[in-house]
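# Structure at a glance
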Amino acid sequence: MMKNTITKFLFFLLFFLSLSFVVSALYNNFQRDQDRSIVDVKELPVLTTLIMGDSQCLRGINPMLFDSAFNYSSAAESIIVSYYKLKDLLETRKDIKKIILTSTLGYFGETKSNYFPRLYRWNEMINFREIAQIKHKPFSYLYIVLKHYVFGYKGIREEFFQRHFADLEVELPYYKGYRPKPVGYYFDISKIANKQFNGKILFDKSMWIYLNMFLELAQEHDIQVTMVRMPVSQRYHDKVMAYIPEDKLAERCLELKKKFPDFVFLDYFNRYWGQEEQLMFDDTHLNEKGALGLSRLIVDSL
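Residues numbered from 1 in each chain as written. Predicted model: local features only at pLDDT ≥ 70, side-chain atom pairs only at ≥ 80, totals over all residues. Heavy atoms only, no water.

Once that is clear, we can look at the overall build of the protein. A count of helices and strands for the protein gives 15 helices and 5 strands. Taking the intrachain contacts of the protein between residues at least 6 apart in sequence as the baseline, contacts between residues at least 24 apart amount to 78%. (Helix = DSSP H or I, 4+ residues; strand = E, 2+ residues; numbered from the N terminus. Contact = heavy atoms within 4.5 Å.)

Let us look at the packing of helix 7 (residues 128-135) against helix 11 (residues 205-220). Helix 11 packs onto helix 7 with a crossing angle of 125 degrees between their chain directions and a minimal axis gap of 9 Å. Looking at the two axes, helix 7 sits oblique to helix 11. Of the two elements, helix 7 crosses helix 11, and the hand of that crossing is right-handed. From helix 7, Glu130, Ile131, Ile134 and Lys135 reach across to helix 11, where they touch Ser206, Ile209, Tyr210 and Met213. Across the contact of helix 7 with helix 11, the residue classes break down as 5 nonpolar, 1 polar and 2 charged. (Axes fitted to C-alpha atoms, helices over the stretch in contact; angles between N-to-C directions. Parallel < 35°, antiparallel > 145°, perpendicular 65-115°, else oblique. Left-handed = near helix turned anticlockwise from the far one by under 90°. Nonpolar A, V, L, I, M, F, W, Y, C, P; charged D, E, K, R; others polar.)

Within the secondary structure, Thr284 sits in the loop between helix 14 (276-279) and helix 15 (288-301). At a separation of 3.0 Å, a polar atom in the side chain of Thr284 contacts the side chain of His285. (Polar contact = N/O pair within 3.5 Å; in protein donor to acceptor, adjacent residues only side chain to side chain.)

This brings us to the sheet that holds strand 4 (residues 224-229). The sheet built from 5 strands is open, its strands ordered 2-1-3-4-5 with parallel pairing. At either end of the open sheet lies a strand with only one pairing partner, and these are strand 2 (69-71) and strand 5 (264-267). Across the sheet, the mean angle from the axis of one strand to that of its neighbour is 20 degrees, orientation sign disregarded. (Pairing = 2+ DSSP bridges.)

This part takes up the confidence of the model for the protein. Summing up the model confidence of the protein, the mean pLDDT is 79 and the portion of residues at 70 or higher is 68%. Element-level pLDDT for the protein is lowest in helix 9 (residues 155-164), with a mean of 45, against a maximum mean of 97 in strand 1 (residues 49-52). Confidence drops under pLDDT 50 across residues 152-168; counting only partners more than four residues distant or on other chains, this segment forms 27 contacts. (pLDDT = per-residue confidence, 0-100.)

Given below as structure tokens:
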């Protein structure tokens with residue numbers, strides 16, 4: 001009796017995993033085909049300035065103001081994903097001269113380091129074994145693979161909800177990778193600070209390793225990198241400050257100048273304090289007007 005029960009359970013588990021794998025594969029392939037930026041960035045006749053980062057960059061830097069630029073950012077992107085995206089792109093593009101790389105207070109923390117959303121877009125570029133080796137966590141490779149290849153379909157529910165029901169998904173037309181948010185909205189998302197940072201490692205070693213790898217890769221191709229600390233609302237900043245020693249972030253970024261003389265760090269975290277409702281879509285993302293102003297600031301600083 002016990003033997004039959006175990007056998008049935010194993011067959012059910014095998015069937016479930018196989019079905020999950022097939023559904024995830026179909027979903028991942030469909031979603032990857034929907035991502036225009038992967039194709040568009042490689043088909044541009046000229047690409048001088050590459051803009052990279054997470055959703056704050058995706059919404060907050062307008063490529064129109066830069067010389068032959070493309071915004072190659074994606075939501076929740078970490079420096080780990082950015083490194084592999086850049087490495088892949090440099091295999092075919094040899095005309096990139098500048099990179100605008102964005103960061104925030106939580107950019108180098110444990111939360112960001114272990115978060116790999118939307119892997120269907122980048123899985124062919126990312127070396128998961130290398131990530132596990134650098135992290136010194138062999139099981140992290142297994143976790144990422146299972147999450148992507150077996151349970152990737154779980155993103156269907158989240159993305160369907162965001163696209164069809166969430167007010168935060170209000171968007172303007174796509175332009176060269178840039179996905180602006182409209183003026184006239186201002187959402188309070190400051191409460192996510194507790195979830196993002198409470199009890200987490202604030203400076204994950206693997207993130208700093210990958211940042212150095214990113215800068216070394218750029219240096220090998222004679223590409224100048226400017227890191228921009230993006231604006232956030234004052235209320236969000238004040239909550240995050242309860243968890244993150246802010247002075248340490250600036251110190252570490254400035255230390256990179258010793259190893260990479262051409263590296264530039266621009267800090268605009270409090271640039272829009274007092275103007276949030278006019279220039280921000282929510283506590284961490286700029287609206288179209290705010291993005292235009294920030295982009296002009298960056299251009300003037302370079």
